[in-house]
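What follows is each chain in one-letter form.
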Amino acid sequence: MGFRTDQIHAGVVPDPATGAILTPIHQSTTFVQPSVDDYMAKGYSYSRSANPTVSALQERLAVLEGGTGAWAFATGMAATNAVFMALLNAGDHAVVSDVAYGGTYRLATKVFSRFGVEFTFADTSDLDAVAAAVTDRTRLIFTETPANPTLKYTDIAGVSNIATSRGIPHAVDNTFLTPYFQRPLELGADLVVHSTTKYFDGHNATVGGAVVCRDEDSSEAVGFVQNAAGLIMSPMVAWLTLQGSKTLSERIERQSANAQAIAEFLESHPRVDSVTYPGLASFPQHDLAVKQASGFGAMAWFEVEGGVEAGKLLMRSLRLWTLAENLGSVESLITHPATMTHSDVEPEERLRVGITDGLVRISVGMEDAEDLIDDLARGLQLL
Ligand code: PLP
């Protein structure tokens, strides 16, 4: 089936008890067993281990990413945590993209390092740097592409080749482009991570996460951790994510078209020093963005003349753009990563990987592009 069909139908059937077209929200802690001998006859016992609404979403996610199994988590960070827990032991080493969501960096440096796991934050846009970072103890390569917030791309097939030749699993955080635009498993990756909070939900309504696995062994390992560590998504969030996912393709197409128009506007504006958007010819990795994915996404960033203070003034003066963390939703949001999403990354590390203090990140929503541009034009005029 095509993506648009799968995003609506995969994983769900009309409710056998009532005919309800939407999978019910199975808001139940426990599931009554017919007898001791028939324990788990219907597949469910306790909602930390498995829940039918969550299972429906998991099935859909596995189909959309093309994996053998998918697991839904309480948050995107719980999903990343599950990958680390499933694949890393004390004494192991992992290579992680040097630009990644700040929470991933925090989880690695402030939590897993305490349990004897060592991390190298490598420039994964450079295949030689990835190969050089791998050691005999490396048990995971974790990349995020495009990366939050600089939008640096990693060549998924290139890194997967290095990983496969060394027998190391490659996990890709595919939150920014979703399987509608980018399919890491087809490019050779072994696991895909999502913050479903972003485009899968798409309505600023939930926090959630997912891991999709290429093979059954890693899927079993991630599923084990989902239960053992108690990281599963709630039925209500799974239900909302099922509804959001039905329009994923249409939303991300529209949002990306808006982003392209806004990036072109910003690039031509005299008060804007620089604009970074993968759909611009000026984007340093434009060729890789074209080769690796079928769309450029709806995230962009820019720096205004006058640095941090001018950036703050702009963010204060906008009316339609909302100053808030999160991304991927139908509402357009604007963020200052240095003080918001990436405040836990040390200032020197932020600067080293290109997260300058003046960087203003935008998540373009589904409003009329003209209105979003007018608002930015008005704000920029005040600088
Ligand atoms: N991965 C990426 C690329 C993100 O942008 C985020 C959050 O912003 C996460 C993972 C973590 O997701 P969550 O906030 O749902 O825990």
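For the structure, check the block above.
Residues numbered from 1 in each chain as written. Predicted model: local features only at pLDDT ≥ 70, side-chain atom pairs only at ≥ 80, totals over all residues. Heavy atoms only, no water.

**Points about the site of the ligand**
Reasoning step 1: Around the ligand, 14 residues are found, and the nearest of them are Met77, Asp173, Ser195, Thr197 and Lys198.
Reasoning step 2: Thr197 places a polar side-chain atom, nitrogen or oxygen, 2.6 Å from an oxygen atom of the ligand.
Reasoning step 3: Summarising the interface, the protein chains cover 91% of the accessible area of the ligand, which totals 390 Å² for the free molecule.
Reasoning step 4: Class assignment for the residues of the shell around the ligand results in four nonpolar, seven polar and three charged. (Near = heavy atom within 4 Å. Polar contact = N/O pair within 3.5 Å; in protein donor to acceptor, adjacent residues only side chain to side chain. Areas by Shrake-Rupley, 256 points an atom, 1.4 Å probe, with all protein chains shown as cover. Nonpolar A, V, L, I, M, F, W, Y, C, P; charged D, E, K, R; others polar.)

**Points about the packing of helix α3 (residues 76-87) against helix α4 (residues 102-111)**
Reasoning step 1: At a closest axis distance of 10 Å, the pairing of α3 and α4 adopts a crossing angle of 40°. Compared by their axis directions, α3 and α4 come out oblique. Every pair of crossing elements has a handedness; the one defined by α3 and α4 is right-handed. Contacts between α3 and α4 involve Met77, Thr80, Asn81 and Phe84 from the former and Gly103, Thr104, Leu107 and Ala108 from the latter. (Axes fitted to C-alpha atoms, helices over the stretch in contact; angles between N-to-C directions. Helix = DSSP H or I, 4+ residues; strand = E, 2+ residues; numbered from the N terminus. Parallel < 35°, antiparallel > 145°, perpendicular 65-115°, else oblique. Left-handed = near helix turned anticlockwise from the far one by under 90°. Contact = heavy atoms within 4.5 Å.)

**Notes on a negative patch on the surface**
Reasoning step 1: Where like charges cluster on the molecular surface, the negative patch consists of Asp215, Glu216, Asp217 and Glu220.
Reasoning step 2: Along the chain, Glu220 falls in helix α8 (residues 216-228).
Reasoning step 3: When its relative accessible area of 62% is taken as the criterion, Glu220 is described as exposed. (Patch = residues over 30% accessible without salt bridge, like charges linked within 9 Å, V, L, I, M, F, W, Y side chains within 5 Å. Salt bridge = Lys/Arg side-chain N within 4 Å of Asp/Glu carboxyl O. Lys, Arg positive; Asp, Glu negative; His and termini not counted. Charge placed at Lys NZ, Arg CZ, Asp CG, Glu CD. Buried < 20%, exposed > 50% of the residue type's maximum accessible area, 1.4 Å probe, protein only.)

**Considering the environment of Asn204**
Reasoning step 1: Its place among the elements puts Asn204 in the loop between β6 (191-195) and β7 (209-213).
Reasoning step 2: Take Asn204: its relative accessible area is 34%, and that puts it in the partly exposed class.
Reasoning step 3: Spatially, the C-alpha atoms of Asn204 and Arg166 are 40 Å apart, while their sequence positions differ by 38 residues.
Reasoning step 4: Apart from residues no more than four positions distant in its own chain, Asn204 is found in contact with Asn326, Ser329, Glu331 and Leu333.
Reasoning step 5: A polar atom in the side chain of Asn204 sits 2.9 Å from the side chain of Ser329.
Reasoning step 6: At a separation of 2.9 Å, a polar atom in the side chain of Asn204 contacts the side chain of Glu331.

It is worth stressing that arrangement in space is one thing and function is another; only the former is reported here.
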